[in-house]
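# Inside the fold
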Amino acid sequence: QPGGEGGEGGGAFDGVIGFSQGAAMALLVPGARWAVLLSAIPPPRGRGPSTGRRDARPSLHVYDAAEPHAHLCRRVEASFEGPAVVRHGEGHAVPRAEAATREMVRFVERV
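Notes on the structure in this doc start here. (Residues numbered from 1 in each chain as written. Predicted model: local features only at pLDDT ≥ 70, side-chain atom pairs only at ≥ 80, totals over all residues. Heavy atoms only, no water.)

## A few points about the side chain of R57
The criterion, for reference: In this description a helix means any DSSP run of H or I spanning at least four residues, a strand means any run of E spanning at least two, and both kinds are numbered starting from the N terminus. We define a polar contact as two N or O atoms separated by no more than 3.5 Å, with the added condition that, inside protein, one atom must be a possible hydrogen donor and the other a possible acceptor, whereas residues neighbouring each other in sequence contribute only through side-chain atom pairs. Any two residues whose heavy atoms approach within 4.5 Å are treated as being in contact.
Within the secondary structure layout, R57 lies in the loop between β2 (34-38) and β3 (59-63). Looking at R57, its side chain comes within polar contact range of the main-chain oxygen of A32, at 3.3 Å. Side chain to side chain, R57 and D55 meet in a polar contact 2.9 Å long. If sequence neighbours within four positions are ignored, R57 has contacts with L27, V29, A32, R33, W34 and F80.

This is the structure in structure tokens:
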């Protein structure tokens, strides 16, 4: 839901949701207060924050630990302070399992 100019997050969006390369792009949205990142890969080098500090905004990281790029998902996860994590067994995909979708809904309702 748009937060409006000068809203709590200071940007145009309360939060961002992205899958794979879309998650990398979601990380570049300025001022988003929270992030749901599905099978996220890091943004291209030279893009995004370069402060060396972990991202403090609430985040949910959803991925299959056995997917080919899980090491990149873990790298993105490690760039956040206190990330929430949901692992599933559906490969490089947005999970359809009820348990995973329930956790995503809970996260968004909480933030």
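After presenting the structure, the write-up continues.
## Observations concerning the packing of aromatic side chains
Inclusion rule: Any two rings among Phe, Tyr and Trp, with Trp reduced to its six-membered ring, count as a pair given centres within 6.5 Å; such a pair is stacked if its planes are under 30 degrees apart, edge-to-face if over 60, and tilted if neither. For every residue, the accessible area obtained with a 1.4 Å probe (protein chains only) is divided by the maximum for its type, and the residue is called buried under 20%, exposed over 50%, and partly exposed between those limits.
Per the counting criterion, the structure on display carries one aromatic pair. Considering the side-chain rings of W34 and F107, the 6.3 Å spacing of their centres and the 80° angle between planes classify their relative orientation as edge-to-face. Pair noted here: W34 is in strand β2 and F107 is in helix α3 (residues 98-110), with a separation of 73 residues, a long-range link. For the pair formed by W34 and F107, the shared burial category is buried.

## Examining helix α2 (residues 70-78)
To be explicit about the condition: Each direction from the helix axis to a C-beta atom contributes to the arc, which is the arc of those directions.
Inspection of α2 places A70, L72, C73, V76 and E77 among the buried residues, and these make up the whole buried set. Each buried residue of α2 sits inside an arc of 155° when the element is viewed along its axis, so together they form one side. The secondary structure elements touched by the buried residues of α2 are β2, β3 and β4 (84-87).

## Some remarks on α3
Test applied: Expected helix span is given by 1.5 Å per residue-to-residue step, counting one fewer step than there are residues.
The terminal C-alpha atoms of α3 lie 18 Å apart, and with 13 residues this matches the ideal 18 Å at 1.5 Å per residue to within 8%. Every buried residue of α3 is listed here: A100, M104 and F107. Viewed along the axis of α3, the buried residues span an arc of 65°, placing them on a single side of the element. Facing away from the buried surface of α3 by more than 90 degrees, the exposed residues are E98, E109 and R110. Buried residues along α3 sit against β2, β3 and β4.

## Let's talk about the sheet that holds strand β1 (residues 15-19)
Defined as follows: In this analysis, strands are considered paired if DSSP registers two or more bridges between them. In this analysis, axes come from line fits to C-alpha atoms, helices being fitted only over the stretch in contact, and the angle between any two N-to-C directions falls in the range 0 to 180 degrees.
Here we have four strands laid out as an open sheet, ordered β1-β2-β3-β4, and parallel in their pairing. Each edge of the sheet is formed by a strand with only one pairing partner; in this case those strands are β1 and β4. Direction aside, the axes of adjacent strands within the sheet are offset by 10° on average. In this sheet, β2 lies alongside β1 in parallel orientation, the contact comprising five bridges. Its bridge partner lying in β2, G18 is registered against L37. Packing against the sheet, α2 makes contact with β2, β3 and β4, and its axis sits at approximately 170° to β3. Contacting β2, β3 and β4, α3 runs over the sheet at an angle of about 165° to β2.

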